[in-house]
Amino acid sequence: MTGLERRRERLSEALASVRERIAKACEAAGRHPDEVELMAVTKTRPATDLALLLDLGHDMFGENRPQEAAAKVAELSELRPGNAARWHLVGRLQRNKARSVARWATRVESVDSVRLVDALDDAVRRAIDAGERPGPLPVLLQVSLDGDPERGGAPLGELPALADRVAETEGLELHGLMAVAPLGVDPDQAFADLAEAQYRMGIYHPRARVTSAGMTADFEAAIRHGSTCVRVGTALLGDRPLTSS
Ligand SMILES: *Cc1c(COP(=O)(O)O)cnc(C)c1O
């Protein structure tokens, strides 16, 4: 076996075992497995890994750095021309990167301020005018469940205004909420708070139904509390280098 074949084997097994964990968590929660999408968080991983995942039938990727993501989009289209990969941005976005992100992102999950909403809306409308993207950009509002602004996300109290702002734009579509469970907090409590926020947002924005929650260590808890998209890195692709979490 070549190195690439071995890697393909490893990824195939990991994909099967994560899907199994998702299926079990859904069953325990009385939910259908089709209600929960799996995103492979591929930050720090080489494009060759993404190509193998595509070959294995997995096409939804999460990246946390716009520059790294843009480079990988280009590499993957060389490795697998015409591929149908879906690219989700799950990390901090600075407004000056919005124009680039508008070209390749399928969904941005880290929207947490009015200023970012306006910058992204502007960037997306320009990208559409320039023929660089086919239509509006779906976004999720990132929620800070412990109110620590250092880790990104808007406090719960700011969500209603932020949601209304997104809904007023031409370039963006509000699809739901995203959160990372805070360190040192019971994930069940964190995801219950998120579910409550999702419920309240649904009263005014009934089409915003996505809840992006749960990572390698806590996605079962997230599924118990209604997550519709789990973002899994380590359990699929192995440990990341310590320097770049
Ligand atoms: C890295 C990352 C993940 C995946 O984390 P794992 O613990 O490796 O599964 C999920 N969501 C976000 C926002 C991340 O930055």
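Residues numbered from 1 in each chain as written. Predicted model: local features only at pLDDT ≥ 70, side-chain atom pairs only at ≥ 80, totals over all residues. Heavy atoms only, no water.

Let's talk about empty space enclosed by the protein
Note the following rule: Detection works on a 1 Å grid of protein atoms alone, calling trapped sets that fit a 1.4 Å probe cavities and calling open sets with protein on both sides within 12 Å along at least five of seven lines pockets, with lining residues defined by an atom within 4 Å of a point. Grid points are joined across faces, edges and corners, and a volume is the space filled by probe spheres set on the points. Per the convention used, a helix needs a DSSP run of H or I reaching at least four residues, while a strand needs a run of E reaching at least two, with both numbered from the N terminus. Residue polarity is assigned by list, with Asp, Glu, Lys and Arg as charged and Ala, Val, Leu, Ile, Met, Phe, Trp, Tyr, Cys and Pro as nonpolar; anything else, Gly included, falls into the polar class.
The final tally for this structure, using the stated rule, is one cavity of 30 Å³ or more. The computed volume of the largest cavity comes to approximately 30 Å³. As for the largest cavity, its lining consists of Phe191, Leu194, Ala195, Thr211, Ala213, Ala222, His225 and Ser227. By residue number, the principal contributor to the lining of the largest cavity is helix α7 (residues 187-204), which donates three residues. Of the residues assigned to the lining of the largest cavity, the class counts are five nonpolar, three polar and no charged.

A word on the packing of helix α1 (residues 3-28) against helix α2 (residues 47-55)
Our working definition: Note on geometry: axes are lines fitted to C-alpha atoms, helical ones only across the stretch in contact, with angles between N-to-C directions running from 0 to 180 degrees. Should an angle fall under 35 degrees it is taken as roughly parallel, and over 145 as roughly antiparallel, whereas 65 to 115 is taken as roughly perpendicular and any remaining angle as oblique. Crossing handedness: left-handed means the near helix sits turned counterclockwise from the far one by under a right angle, and right-handed means the same turn made clockwise. Should any heavy atoms of two residues lie within 4.5 Å, those residues are counted as being in contact.
Here α1 crosses α2 at 60°, and the two axes come no closer than 10 Å. The angle between the axes of α1 and α2 places the two elements in the oblique class. Two packed elements cross with a definite hand, and for α1 against α2 that hand is right-handed. Along the contact surface, α1 presents Leu4, Arg7, Arg8, Leu11 and Leu15, while α2 presents Asp49, Leu52, Leu53 and Asp55. Within the contact of α1 with α2, the residues separate by chemical class into five nonpolar, no polar and four charged.

Here's the deal with α2
Note the threshold: With a 1.4 Å probe rolled over the protein chains alone, any residue whose accessible area is under 20% of its type maximum counts as buried; one over 50% counts as exposed, and the rest are partly exposed.
For α2, a buried count of seven out of nine residues is recorded, marking the element as mostly surrounded by other parts of the structure. On its buried face, α2 sits against α1, β1 (37-41), β2 (60-63), α3 (66-79), β3 (86-89) and α9 (234-237). Just downstream of α2 lies Gly57, where phi reads positive at about 95°.

Observations regarding the pattern of salt bridges
Selection criterion: We define a salt bridge as a contact between a side-chain nitrogen of Lys or Arg and a carboxyl oxygen of Asp or Glu at a distance within 4 Å.
Going through the model one piece at a time under the given rule, you end up with 17 salt bridges. Across the pair Arg103 and Glu132 runs a salt bridge whose closest N-O atoms are separated by 3.2 Å. Here Arg103 is found in helix α4 (residues 98-104), whereas its partner Glu132 is found in the loop between α5 (114-129) and β5 (137-144), with 29 residues between them in sequence. In this structure Arg103 comes out as partly exposed when scored by relative accessible area, which is 41%. Through salt bridges with shared partners, a single ionic network connects Glu37, Asp59 and Arg86.

Interpretation note: all reported values are geometric properties and have no functional meaning in isolation.
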